[in-house]
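Residues per chain, in single letters:
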Amino acid sequence: MIKKLTYYFVLLVLIVSARELHAQEEDNFPQKKLSKSSSSYDKPYSKINEAKKKLEEANQLFKKEPEKALDLVHDALLIAIKENYLNEEADAYRLLGQFNFELKEYSISYKNYNKAIDIYNNLKLISTKNFYYTDVLYACYYPTGKSAELAADYENSLLYYGKFLKVAKSSDDLVKAQIAIGDVYLKKKDLSNAENFYTDDLKTFFFIKGEGN
């Protein structure tokens, strides 16, 4: 009986000692705890909603209060950049491009559209929503080309009008692209190329009209 008690006493001492040793090791080498910033919850959904809401509000407000609308887009952009919301960041740059265009700030409009295009292009490559980003990306080509044209940046204007022409899904878009490219060549005093694109436009127009009949 005494031997048995002695055995349990020694065992208890060993357990207590082991616990104390483990506690000291934890004090000397504290374990890293997972923080929210290292988990998938580091970007609260409310932040995404906040950025989206600001962009929607800016879009509705621009006609009446352009300065306030621009401030809202900039606020949304700061949230998107800080939280790494690429979709909202691209949307913010696209909206800025649209607003700048309407304010006749064509060089700034071109730069913002260009930033949006770069992000949408990356999202198209890495996202499962490939078709969505492809459509949004293609929709940016024409206004980007128009911004460059009105900023007298004819080379980049031709670049984006050319992209728009290649992805044109309807006859209306095809005609729109051909006229736009012809106009730029006319401004460049390149009459030969201007004539070619205007001729192609007329051929497209009469082909469509013939189909309608």
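Here, the structure is the one placed above.
Per-chain numbering applies: the sequence of each chain, read as written, is numbered from 1 onward. Note on the predicted model: pLDDT of at least 70 is required for a residue's local features to be given, and 80 or more for side-chain atom pairs to be given and counted; whole-chain, interface and lining totals, by contrast, use all residues. Note that the side-chain values use all heavy atoms of the structure and ignore hydrogens as well as water.

Draft legend 1. Fine view of a nonpolar patch on the surface. Here a patch means residues that are over 30% exposed by relative accessible area and free of salt bridges, tied together within 9 Å if like-charged and within 5 Å if nonpolar (Val, Leu, Ile, Met, Phe, Trp, Tyr). Areas reported here follow the Shrake-Rupley algorithm with a probe of radius 1.4 Å; residue values treat only the protein chains shown as occluding. One speaks of a salt bridge when a side-chain nitrogen belonging to Lys or Arg is within 4 Å of a carboxyl oxygen belonging to Asp or Glu. A grouping of L86, L125 and I126 is seen on the molecular surface, where their side chains present a nonpolar patch of about 320 Å² in accessible area. For every residue, the accessible area obtained with a 1.4 Å probe (protein chains only) is divided by the maximum for its type, and the residue is called buried under 20%, exposed over 50%, and partly exposed between those limits. Residue L125 is classed as exposed on the basis of its relative accessible area, which comes to 63%.

Draft legend 2. Representation of the packing of helix α4 (residues 86–102) against helix α6 (residues 130–150) within the structure. It is at 11 Å that the axes of α4 and α6 come closest, and there the two elements cross at 30°. Taken as axis vectors, α4 and α6 run roughly parallel relative to one another. Note that α4 runs across α6; the crossing there is left-handed. Contacts between α4 and α6 pair N87, R94 and F101 from the former with Y132, Y133, V136, C140, K146, S147 and L150 from the latter. Here the contact of α4 with α6 is built from residues that sort into six nonpolar, two polar and two charged. The axes are straight lines fitted to the C-alpha atoms, using for helices just the contacting stretch, and the angles between their N-to-C directions are given from 0 to 180°. Only DSSP runs of H or I with at least four residues qualify as helices, and only runs of E with at least two residues qualify as strands; both kinds are numbered from the N terminus onward. Roughly parallel refers to an angle under 35 degrees, roughly antiparallel to one over 145, roughly perpendicular to one between 65 and 115, and oblique to any angle outside these ranges. With the far helix as reference, a near helix turned anticlockwise by less than a right angle produces a left-handed crossing, and one turned clockwise produces a right-handed crossing. Any two residues having at least one pair of non-hydrogen atoms within 4.5 Å are treated as being in contact. In the scheme used here, Gly and all other residues not listed as nonpolar or charged are polar, with Ala, Val, Leu, Ile, Met, Phe, Trp, Tyr, Cys and Pro taken as nonpolar and Asp, Glu, Lys and Arg as charged.

Draft legend 3. Representation of the nonpolar core in the model. Counting residues in each nonpolar core, the largest one holds 45 residues, and the members touching the most others are A58, V73, F99 and Y120. Looking at this core, the elements with two or more residues in it are α2 (45–61), α3 (66–83), α4, α5 (106–126), α6, α7 (154–166), α8 (171–187) and α9 (191–212). For this core, the element with the highest residue contribution is α3, accounting for eight residues. Apart from the residues within four sequence positions on either side, Y120 is in contact with A90, D91, R94, Y133, V136, L137 and C140. Within this scheme, the nonpolar core is defined by two criteria: the residues are buried Ala, Val, Leu, Ile, Met, Phe, Trp, Tyr or Cys, and they are joined through side-chain atoms within 4.5 Å.

Draft legend 4. Expanded view of the packing of aromatic side chains. For Phe, Tyr and Trp, where Trp contributes only its six-membered ring, two rings pair if their centres lie within 6.5 Å, and the inter-plane angle classes them as stacked under 30 degrees, edge-to-face over 60, or tilted in between. Enumeration over the complete set of coordinates arrives at ten aromatic pairs. Residues Y141 and Y160 carry aromatic rings whose centres are separated by 6.1 Å and whose planes lie at 40° to one another, so their mutual orientation is tilted. You can see Y141 sitting in helix α6 and its partner Y160 sitting in helix α7, a full 19 residues away along the chain. Placement of a positive charge over a ring is assigned whenever Lys NZ or Arg CZ falls within 6 Å of the ring centre and within 35 degrees of the normal to the ring plane. Across from the ring centre of Y142, 4.1 Å away, lies the NZ or CZ of K176, which sits over that ring.

Draft legend 5. Geometry of the packing of α6 against α8. Interaxial distance between α6 and α8 falls to 11 Å at its minimum, and their mutual angle equals 15°. The pairing of α6 with α8 is recorded here as roughly parallel in orientation. When the axes of α6 and α8 are compared, the crossing they make is left-handed. Here Y142, E149 and L150 of α6 lie close against α8, whose contacting residues are K176, A180, D183, V184 and K187. Along the lines of polarity and charge, the residues of the contact of α6 with α8 split into four nonpolar, no polar and four charged.

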